[in-house]
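Examination of the molecular architecture
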Amino acid sequence: MKAQMTSADVTAFCRQMEALGIEVWLDGGWGVDALLGRQTRAHADLDIVVQEKDLRFLVEILEGRGFRELPRDDSRAWNFVMGDGRGKEIDLHVIAIDREGNGIYGPPARNEGMYPAAALQGQGQIEGLSVRCVSPEFQIRSRTEYEPDPTDYEDVRALADKFGLEIPRSLEKCCKPSRSPVAV
């Protein structure tokens, strides 16, 4: 049984990063919950976006806390998971900020994608702690880039409802909002 990444774990991590001057943005499930301002479910991991310039220091900090890289078939230098051996996992998404403020994901030559500058402007709260997150618009858009599962549909519906956002056509059949949307 995998350990859960609790709200206490996330807030402690965010406070430590803030104290060390490492900017991180919450992504994935905890990013959604921070945007919603409430925990909607248990989380197996914490997805974060971190700048490449801070990666080495962050990895050293995590290793000092007993985390090690977990070998996976889809691991890359700009996207990998670290675990603490007790089931807690942090999924790192590494970006380099360009002149326009966009987060370039992976080597530019590979064109893996980017977090547009607006995607890095999200703000949320976990247990009253203000945290940076990936924006609700980008959270929704990113779920169109793979085959979503029922949890993804719940996330999209909740974000669309709270922020009055339009649900992309590819997700419409499963994620009808409860009120009129505004364009994303």
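Above this text you will find the structure in question.
Residues numbered from 1 in each chain as written. Predicted model: local features only at pLDDT ≥ 70, side-chain atom pairs only at ≥ 80, totals over all residues. Heavy atoms only, no water.

1. Some words on the packing of aromatic side chains
Worth spelling out the cut-off: Note on aromatic contacts: the rings of Phe and Tyr and the six-membered ring of Trp form a pair at centre separations within 6.5 Å, being stacked when their planes are under 30 degrees apart, edge-to-face when over 60 apart, and tilted otherwise. The numbering of helices and of strands both runs from the N terminus, where a helix is a DSSP run of H or I of at least 4 residues and a strand a run of E of at least 2. Under the scheme applied here, a residue whose accessible area is under 20% of the maximum for its type counts as buried, over 50% as exposed, and between as partly exposed, the area being computed with a 1.4 Å probe on protein chains only.
Tallying each qualifying case throughout the model produces 2 aromatic pairs. Measuring from centroid to centroid gives 6.2 Å for Tyr105 and Tyr115, while their planes differ by 80°, and the two rings are edge-to-face. Highlighted residues: Tyr105 in strand β6 (residues 103-105) and Tyr115 in strand β7 (residues 114-115), separated in sequence by 10 residues. Judged by centre distance (5.0 Å) and plane angle (40°), the ring pair of Tyr115 and Phe138 falls under tilted. In this pair, Tyr115 sits in strand β7 while Phe138 sits in helix α4 (residues 136-142), placing the two residues 23 residues apart along the sequence. For the residue pair Tyr115 and Phe138, the accessibility class agrees, reading buried in each case. Pairwise contacts between aromatic rings join Tyr105, Tyr115 and Phe138 into one cluster.

2. Section: the packing of helix α2 (residues 28-36) against helix α5 (residues 150-163)
Between two packed helices, both the angle of their axes relative to each other and the distance between the axes serve to describe the pair. As a reminder, the rule being used: Axis definition: a line fit to C-alpha positions, over the contact stretch in the case of helices; interaxial angles, taken between N-to-C directions, run 0 to 180 degrees. For classification purposes, an angle smaller than 35 degrees is called roughly parallel, one larger than 145 roughly antiparallel, one from 65 to 115 roughly perpendicular, and anything else oblique. Less than a right angle of anticlockwise turn of the near helix away from the far helix marks a crossing as left-handed, whereas a clockwise turn marks it as right-handed. Note on contacts: a residue pair qualifies if any of its non-hydrogen atoms lie within 4.5 Å across the two residues.
Where α2 contacts α5, the two axes come as close as 10 Å, and the packing angle between them is 25°. Classed by the angle they form, the pair α2 and α5 counts as roughly parallel. Crossing hand, α2 versus α5: left-handed. Of α5, the residues touching α2 (which contributes Val32, Leu35 and Leu36) are Asp155, Ala158, Leu159, Lys162 and Phe163.

3. Digging into the state of the cysteines
We apply this condition: Note on terminology: disulfide denotes any pair of cysteine sulfur atoms within 2.5 Å.
Tallied over the full model, the rule gives 0 disulfides. Unpaired in this structure, Cys14 has its nearest cysteine sulfur neighbour in Cys133, at a distance of 8.6 Å. A relative accessible area of 10% means that Cys14 is categorised as buried. For Cys133, a relative accessible area of 0% corresponds to the buried category.

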